[in-house]
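Listed below, chain by chain, are the residues.
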Amino acid sequence: MVKDIFTADPSAHVFEGKIYIYPSHDIEAGTPENDNGDHFDMKDYHILSMDSVGGKVTDHGVALAVKDIPWAKRQLWAPDVAFKNGTYYLYFPVKDKNDVFKIGVATSKSPAGPFKAEPKPIDGSFSIDPAVFTDDNGDAYMYFGGIWGGQLQRWVTGSYNADGSKTDLEDNSKPALSCKVAKMSKDMLQFDGPVKDVVILDENGKPLLTGDHDRRFFEGSWMHKFNGKYYFTYSTGDTHLLAYATSNSPYGPFNYKGTFMSPVEGWTTHHSIIEFKNKWYLFYHDTEISGKTHLRNVKVTELKHTTDGGIELIKP
Ligand code: FUB
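Looking up the protein in an unreviewed UniProt entry gives the name Alpha-N-arabinofuranosidase, with the organism given as Flavobacterium subsaxonicum WB 4.1-42 = DSM 21790. Its UniProt record gives the protein a comment under Sequence similarities (unreviewed entry), which states: "Belongs to the glycosyl hydrolase 43 family."

Pasting the structure below:
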């Protein structure tokens, strides 16, 4: 558990033989709590690293701050990082000057930063929670999106509707809003091709429905590959579960398989999954230290794949 600063949304990666964690940096900003998540008013990122699970954690200081992102206004939410050809790419969601979440990218030659932001958000990006997965052949994909405070429901027509729904499609019988996926360009700075839906199918091959709050996608996606299969994992938000669905393609469609973590203390959890020294680990957060929704702490625990392609349920 990280105790010296409040951290959340841990995107973990193995770089240069160490575990690097790219979390949100929670602070008490004094912004009143509401359903948009305005109280998650984070101003910068700190990158953490450790040589081993359970070992000493190094805080590398401020890696990127809202004030240094030319197009950003407020709320630096859950980031992720990818590496290609000697450069590290930090992907971050932040509200622009019009209070609309977009996704930006910043670069560094070191996994610990500091990172320098590009002058504009990624063209065609919107909403929150970027997770960038690099496949064995080097192709990279960004999974992104989140409903409610993450604004995904305001993009149903393809452009932003500030007066749109505050929650979801507001019709429980319609297919649920999907997480999005886009292939990254060769330079990792833009989308290469259209943004597509990450469709999750139920046991009858039908898309999960809006009213299916125990299983439908809410936010906080992650992708890992195990035994040649793509595992799309995500948070169900208001039902506080981590769920998984599998496919033979990074674009899906994905078949819903189940829950792999039961609710933690606090409203959200947001996770990542990595393999390190032949074991798999789940990084996540709860609110054990503060007891407050917006002041979270990052944790790690072992994750186990089962022989039939499932993931063992973790009870935090
Ligand atoms: O940290 C702010 C938001 O809370 C993240 O973007 C979501 O995934 C949730 O963890």
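Caption draft 1: Layout of the site of the ligand. In the vicinity of the ligand, the contacting residues are Asp 9, Ser 24, Met 42, Trp 77, Ala 78, Ile 128, Asp 129, Glu 219, Thr 268, His 270, His 285 and Arg 296. The separation between an oxygen atom of the ligand and a polar side-chain atom of Asp 129 is 2.5 Å. Note that an oxygen atom of the ligand is positioned 2.6 Å from one of the side-chain N or O atoms of His 270. When the ligand sits alone it has 280 Å² of accessible area, and the protein chains cover 98% of it. Of the residues in the shell around the ligand, the class split is 4 nonpolar, 4 polar and 4 charged.

Caption draft 2: The arrangement of the side chain of Asp 96 in detail. With respect to the element layout, Asp 96 can be found in strand S7 (residues 87-96). Here Asp 96 falls in the buried class, since its relative accessible area comes to 9%. Leaving out residues up to four positions away in the same chain, Asp 96 has contacts with Trp 71, Ala 72, Lys 73 and Lys 102.

What counts and how
- Residues numbered from 1 in each chain as written.
- Predicted model: local features only at pLDDT ≥ 70, side-chain atom pairs only at ≥ 80, totals over all residues.
- Heavy atoms only, no water.
- UniProt positions renumbered as here; feature names shortened; annotations may be inferred.
- Near = heavy atom within 4 Å.
- Polar contact = N/O pair within 3.5 Å; in protein donor to acceptor, adjacent residues only side chain to side chain.
- Areas by Shrake-Rupley, 256 points an atom, 1.4 Å probe, with all protein chains shown as cover.
- Nonpolar A, V, L, I, M, F, W, Y, C, P; charged D, E, K, R; others polar.
- Helix = DSSP H or I, 4+ residues; strand = E, 2+ residues; numbered from the N terminus.
- Buried < 20%, exposed > 50% of the residue type's maximum accessible area, 1.4 Å probe, protein only.
- Contact = heavy atoms within 4.5 Å.

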